[in-house]
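# Observations on chain architecture
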Amino acid sequence: MQFEMDAFAERVRPDFPGIKTEVDGKGVVYLDNAATTLKPKAMVDAMNAYYLGISSNVHRGKSYSLELVSNTYEQARYKVASLLNCAGNEVVFLRNTTEAINLVAQGLCLKKEDRVLVFDDSHHSNFLPWVRNATTELITTKADGNLDLDQYFAALKKAPKVVAITHCSNVTGVYAPLDLLVNAAKEAGAIVLVDAAQSIPHRRVNLGQLDIDFLTFSAHKMLGPTGMGILYGKKEQLEKLEPVNLGGGVVDWVEANAYRMRKIPHRFEAGTPHIAGAYGLSAALDYLNRLDYENIQQHDRALGKLMLSLAQEREYVKVINTDSTADRGAVISLFIPGAPSLDDAARVISDSYGIVCRNGFLCAQPYVSQHAQGQVLRISAYIYNTEAEIRQFFNALDEIRDFMF
Ligand SMILES: Cc1ncc(COP(=O)(O)O)c(C=O)c1O
């Protein structure tokens, strides 16, 4: 049976108050979900329940309210563990994906001569921390936008210490062949980190079936709150990782000149954590689970296919990665040859048509510059977006074409 993508989106739309927002009396079409998604009311209600109740701290004492809040905080950790199929103590709560990758890049105590393989379509967050802490080798993408696997296999022969994979590109929406990349990296003896910031919102990754050492994503890209990031670390890897921040919450015992660290994962959560964020994350995960990841993935794929075909129907529009056989989600980056700055186009699309999209280099500047010779316009959809909204964006582009490009 064919997947009814609009019926799926229409079913969830009433749960998102943000969708009803109007600017100058006109409804807003939100197509910047790769940056951050809208939030369902249930998620905000869960955060409010914490703030409007006895909003105790966590893990510091024995009062009833503190235990209640601590239990809810820990339940969120177990929900993440169940999503990923890993143990609860392998889940660390941080601020975001960026902080998680910085923690790993620093905490592995790499030497400058250690080699780290990074991919040229990586977000700056999965690029710069490695550049600072080690010697990086860049695996490039070919002209069609896909990874150069021959180059990857050749680079693995040089015994890299770490391979930093991006599961789904925030520029193209194309998924990397995760099994193949991870298995080859593990055979080469490397530590594997996966940036799943763009993938986990749409697809599950089963850590029981993939030998990944670290994996990270951000709650705000999957209906959850900002300021809540997740780092999965394999138990033996987390036990070796050096914490970056010290202070309250990370130690069992302190003397004048010595301290004993708490067990994982707590030793990485220094200071008061984002407690309300854990409540929100928990509610966001419940929401996604109720929808079923199988449906979410089908909707994502269907909109991704539609975006590519609508872009390719227009001869004045170019796309980064045009491979129609690629495994892609609902993210696409377009450029218009001869129109290097798309600031004005993004502004007009926003102000005159109410469509929120993104322009610029998308925190992947070397990759975007190489493939687009300038900025791009990106649209990215999530569970509540419809076919009509994607068409609206392309119609707006056609209308502004004559006076803008
Ligand atoms: C692929 C990828 N990695 C990392 C990040 C950084 O996420 P955050 O800003 O939540 O740290 C993003 C954000 O857009 C991303 O798309």
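Residues numbered from 1 in each chain as written. Predicted model: local features only at pLDDT ≥ 70, side-chain atom pairs only at ≥ 80, totals over all residues. Heavy atoms only, no water.

### Here's the deal with the pairing of strand β8 (residues 191-195)
Burial within β8 is extensive, with 5 of its 5 residues counted as buried. Every second residue of β8 is oriented toward a common face, with Ile 191, Leu 193 and Asp 195 on one face and Val 192 and Val 194 on the other, all of them buried. Bridge count between strand β7 (residues 162-166) and β8: 5 bridges; the pairing is parallel. For Ala 164, the partnering residue across the bridge sits in β8 and is Leu 193. With helix α7 (residues 178-187) bridging β7 and its parallel neighbour β8, the resulting β-α-β unit is right-handed. Direction of pairing for β8 relative to strand β9 (residues 214-218): parallel, over a ladder of 3 bridges. Residue pairing in the sheet places Leu 193 in a bridge with Phe 214 of β9. (Buried < 20%, exposed > 50% of the residue type's maximum accessible area, 1.4 Å probe, protein only. Helix = DSSP H or I, 4+ residues; strand = E, 2+ residues; numbered from the N terminus. Pairing = 2+ DSSP bridges. Right-handed = clockwise from strand over helix to strand, strands pointing away.)

### Notes on the site of the ligand
Around the ligand, the structure places 13 residues, and the nearest of them are Thr 98, Asp 195, Gln 198, Ser 218 and Lys 221. A distance of 2.5 Å is found between an oxygen atom of the ligand and a side-chain nitrogen or oxygen belonging to Thr 98. A distance of 2.7 Å separates an oxygen atom of the ligand from a polar atom in the side chain of Ser 218. When the ligand is considered free in solution it has 390 Å² of accessible area, and contact with the protein chains removes 89% of it. Taking a 2 Å distance to the grid points as the criterion, the majority of the atoms of the ligand fall inside the second largest pocket. Looking at the shell around the ligand, its residues break down into 2 nonpolar, 9 polar and 2 charged. (Near = heavy atom within 4 Å. Polar contact = N/O pair within 3.5 Å; in protein donor to acceptor, adjacent residues only side chain to side chain. Areas by Shrake-Rupley, 256 points an atom, 1.4 Å probe, with all protein chains shown as cover. 1 Å grid on protein atoms, 1.4 Å probe; cavity = no way out; pocket = protein on both sides within 12 Å on 5 of 7 lines; lining within 4 Å. Sits in = over half its atoms within 2 Å of the grid points. Nonpolar A, V, L, I, M, F, W, Y, C, P; charged D, E, K, R; others polar.)

### A look at the pairing of β9
Most of β9 is tucked away: 5 of the 5 residues are buried. Side-chain alternation along β9 places Phe 214, Thr 216 and Ser 218 on one buried face and Leu 215 and Phe 217 on a second face that is also buried. Note that β9 and strand β10 (residues 229-233) share 5 bridges and pair antiparallel. Following the sheet pairing, Leu 215 is matched in β10 by Tyr 232.

### Quick notes on the packing of aromatic side chains
Within a pair of aromatic rings, the relevant descriptors are the distance that separates the centres and the angle that separates the planes. Under the defined criterion, the tally for this structure stands at 10 aromatic pairs. When the centroid spacing of 5.8 Å and the interplanar angle of 85° are considered together, the rings of Phe 16 and Tyr 287 count as edge-to-face. Placement of Phe 16 in the loop between α1 (5-12) and β1 (22-23) and of Tyr 287 in helix α9 (residues 275-291) is noted, with a sequence separation of 271 residues between them. Aromatic side chains Tyr 73 and Phe 93 sit 5.4 Å apart centroid to centroid with 80° between the ring planes, which places their arrangement in the edge-to-face category. In this pair, Tyr 73 sits in helix α3 (residues 64-84) while Phe 93 sits in strand β4 (residues 91-94), placing the two residues 20 residues apart along the sequence. Among the aromatic residues, ring-to-ring pairing joins Phe 16, Tyr 287, Tyr 382 and Tyr 384 into one connected group. Here Arg 77 stacks its cationic end above the ring of Phe 93, 5.0 Å away from the centre of that ring. The positively charged end of Arg 203 is found above the aromatic ring belonging to Tyr 175, 3.5 Å away from the centroid. (Phe/Tyr/Trp six-rings, centres within 6.5 Å; stacked < 30°, edge-to-face > 60°. Lys NZ or Arg CZ within 6 Å of the ring centre and 35° of its normal.)

### Concerning the side chain of His 220
Following the sequence through the fold, His 220 ends up in the loop between β9 and β10. A distance of 2.8 Å separates the side chain of His 220 from the side chain of Thr 36, its partner in a polar contact. Apart from residues lying up to four places away in sequence, His 220 is in contact with Ala 35, Thr 36, Thr 37, Lys 39, Pro 225 and Thr 226. (Contact = heavy atoms within 4.5 Å.)

### Some details on the side chain of Arg 262
Position of Arg 262 among the secondary structure elements: in the loop between β12 (258-261) and α9. Here Arg 262 is buried and forms no salt bridge, its nearest opposite-charge partner Asp 252 lying at an N-O distance of 4.1 Å. Sequence-distant contacts of Arg 262, defined by excluding residues within four places in its chain, comprise His 59, Gly 249, Val 250, Val 251, Asp 252 and Arg 267. (Lys, Arg positive; Asp, Glu negative; His and termini not counted. Salt bridge = Lys/Arg side-chain N within 4 Å of Asp/Glu carboxyl O.)

### With respect to the environment of Glu 10
For Glu 10, the position within the fold is in helix α1. Given a relative accessible area of 47%, Glu 10 falls into the partly exposed group. Spatially, the C-alpha atom of Glu 10 lies 22 Å from that of Leu 310, the residues being 300 residues apart in sequence.

### Here we look at the sheet that holds strand β16 (residues 358-360)
Strands sit in the order β13-β14-β17-β16 across an open sheet of 4 strands; the sheet is antiparallel. The sheet is open, and its two borders are formed by β13 (318-319) and β16, each paired with just one other strand.

### Some words on the nonpolar core
One finds Leu 215, Ile 383 and Phe 393 to be the most contacted residues of the largest nonpolar core, which totals 101 residues. At 10 residues, α9 tops the list of elements feeding residues into this core. For this core, the domains that each give at least three residues are domain 1 (2-40 + 293-404) and domain 2 (44-290). Leave out the neighbours within four places in its chain, and Phe 393 touches Leu 31, Leu 334, Ile 349, Ile 355, Cys 357, Leu 377 and Ile 379. The next biggest cluster of nonpolar side chains, apart from the first, holds 24 residues, and it includes Leu 110, Ala 164, Ile 191 and Leu 193. (Core = buried A, V, L, I, M, F, W, Y, C linked by side-chain atoms within 4.5 Å. Domains from an automatic or database assignment.)

Function cannot be read off these values alone, since they describe shape.
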